[in-house]
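Chains, contacts and geometry: an overview
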Amino acid sequence: MMNRPLYGIILWFFALSGPLYGQDTDTLGLDQVVVTGTRMARSAAQVSSSISVVDKNQIRESGQINVLQALVPHVPGLLLNDRSLLGFGVGPGSGGNISIRGISGTPNNRILVLIDGQPQFMGIFSHPIADAYHSSDIERVEVIRGAASVLYGSNAMGGAINLITDKGEKQGWSGNIGANLGSFGTQSYTGKLNYEKGKWQSLISVNRIKTKGYREDANDGFENNALFYKLNFQVKDEIRLAADFQLSDATYFHPGTLEGPLSDDRRDYLRGRVSLGLVNQGDKVSGAALFYHNFGEHQFKSGFESTDTNQGFNIYQNLQLIPGQTITVGVDHSRFGGRAVNETLPPPAAVGLDVSHRINQTDIYLQMQQTLWEKAHVNLGVREINNSQFGKSTIPGFGLTYALSEKNLLKMSSSKAFRSPSVVDLYLFPPANEELNPETMWNHEMGLTHVMTGHQLEMELVVYYTKGDNLIQLDPSTAPPSNRNIGAFRNRGLETQVRYNPSKKFHLVFNYNFLDVSDNVLFAPKHHLNMQVTKKFGDFSIAPFVQQIFGLNNSPELEDNTIDYTLLNINLGYQLLEELKCYVLAKNLFDTVYQLENGYPMPGINVTAGINVEF
């Protein structure tokens, strides 16, 4: 049953809506051009995957330093374990878990994060490093909800999050600087400088964030210094050369549980990324050759230390040789792994340590998109995997979009996804098993989108059924217990989203996800509701956000330990000058006491105030 605070919030949201405006509307979903669903720019109405887009203005107006937090109001079924005021941390017991439609993993390796289409994950544990994704570096985010392995390979089981880096806005010098201070000694500083002249574009950004943490019983402080640099050169009208470099140096104190609080579990980690890309854009042939090298060094006070890399290339071409038909052919190669040590462990527990482990994987894929009768768009794809550890495997996918009318669009898709075993699954610690096969999953879904009132109102409804097999789990029946492909799951659900955008002064987004899971897993609530309104009154803006969760199990051991909670955040902004804006971001105004993971309390009321200057 809906609680009273939520009733009051909904009434307040509708009171903010005011009159219906009929001009100056922004682009809604079906009219948007996306690149993630098909490896080339296409209308979202032609992409059979369920896809959410968060643009630069929405990221900027969110006030969030980490871009993942800016996605939550706009992506149905996405739950983020933001168990900190600023950073998420790494290692056992840290936050930053990303769940889409109840699929996440421990560690978080069943959601793929990409930067400009290049996979980003730690070479040993194969999970993304959430603290490396700063809003200042990102222009746009496209999220595929559901299987995305045909185009993007391993780890894209629950979905893929493509972070598209900033490309600048105007010729000459431009940029911004910002600073904020908040509860619990929280502070952040950011600066970005962009220069464009002729065929050249150069961008650099720096971020520094720090907090003392909110736990009174433990130390949960966090500090991060980050640098991002990007260089673009337009060789010809149809050829562009791009290079970028990213570095993030963080320190995180793991606080432990309420039953076992910790005061000095320090974890230092340095993450970096270098990439080079050549992009070609012609009338009939387009594509890219992307080369990347990700690296990291981790040092924990507990004794664990590691160095890891994830490097490779993505080469693909889109061929439009026949009217209405696009064929995409691609080759992906990755080499990932690293070396870990922990001198505090006894020899029986130090399996695979102090040895460098590497895995090579080369995939080829083919996708065909065919337009039929101008109303239907058919997508057929297949990926052939060749992994140095488990051998070969095939991943197929099918999708269809059909315009039932000018206002109604039908989408259907059925696709397989997979996750290759990670270095830790295969080689490290006593459960290691070198005979593991990839985890696999089938995702089937059907959706209907309805657009009304001159594209001011858009409603989307999606039903989905997901079945996973060969999950890598610890088998206690073996002696000693070892990793084996014994797990399986079945998720089914319904998600809906309503976006109402009558003018530049008002925007509402509402999404809801119902999820029925066969197994007890973390970050998979039965009912998940988000609602956000942005309303402008002259130079003043207000953006309340409410999240309602029902039936969230916060412990894999306690099957009946479900929780419900309601959160209210408010973002207030005031445009003092054309170039100067101040804002206040208040979170958890109900001071809700809850735990996404059993034993780890979430922050109570916390407030941040800041300024941002653009030039």
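In this text, all values refer to a predicted model and were calculated from it rather than measured experimentally.

Moving residue by residue along a regular strand, the side chains alternate between the two faces of the sheet. Judged by how many residues are buried, strand S28 (residues 540-553) sits mostly within the fold: eleven of 14 residues are covered. Looking at chain direction, strand S27 (residues 527-537) and S28 are connected through nine bridges and run antiparallel. Each bridged residue has a counterpart across the sheet, and for Gln532 the counterpart in S28 is Phe545. A loop of two residues connects S27 with S28, the two strands running antiparallel in sequence, and Gly538 in this loop sits at a positive phi of about 65 degrees. As judged from the twelve bridges shared by S28 and strand S29 (residues 562-575), these two strands associate in the antiparallel manner. Each residue of the ladder has a partner; that of Val546, found in S29, is Leu568.

Turning next to the nonpolar core. Grouped together as the largest cluster of nonpolar side chains are 43 residues, with contacts concentrated most on Ile124, Tyr152, Phe222, Tyr269 and Leu428. The contacts of Ile124, once residues within four sequence positions are left out, are Ser306, Thr307, Asp308, Gly337, Gly338, Arg339, Ala340, Ser422, Val423, Val424 and Leu428. Ranked by size, the runner-up nonpolar core spans 24 residues in total, among them Phe88, Ile115, Tyr133 and Leu163.

So, about empty space enclosed by the protein. Within this structure, the stated rule accounts for ten cavities of 30 Å³ or more. Taken as a whole, the largest cavity encloses approximately 280 Å³ of empty space. Along its surface, the largest cavity is lined by 26 residues, and Ser48, Ser49, Ala147, Gln367 and Ser415 are the ones closest to its centre. Looking at the lining of the largest cavity, the elements with two or more residues in it are strand S8 (138-145), helix H4 (149-152), strand S20 (376-387), strand S21 (391-403), strand S22 (408-419) and strand S23 (439-452). Of the residues contributing to the lining of the largest cavity, the split by class is nine nonpolar, 15 polar and two charged.

Moving on, we come to the side chain of His127. Inspection of the secondary structure assignment puts His127 in the loop between strand S7 (118-120) and S8. The exposure class assigned to His127 is buried, which follows from its relative accessible area of 13%. Excluding its chain neighbours within four sequence positions, the residues that come into contact with His127 are Pro107, Asn108, Phe121 and Met122.

About the thresholds
Residues numbered from 1 in each chain as written. Predicted model: local features only at pLDDT ≥ 70, side-chain atom pairs only at ≥ 80, totals over all residues. Heavy atoms only, no water. Buried < 20%, exposed > 50% of the residue type's maximum accessible area, 1.4 Å probe, protein only. Helix = DSSP H or I, 4+ residues; strand = E, 2+ residues; numbered from the N terminus. Pairing = 2+ DSSP bridges. Core = buried A, V, L, I, M, F, W, Y, C linked by side-chain atoms within 4.5 Å. Contact = heavy atoms within 4.5 Å. 1 Å grid on protein atoms, 1.4 Å probe; cavity = no way out; pocket = protein on both sides within 12 Å on 5 of 7 lines; lining within 4 Å. Points joined across faces, edges and corners; volume = space filled by probe spheres on them. Nonpolar A, V, L, I, M, F, W, Y, C, P; charged D, E, K, R; others polar.

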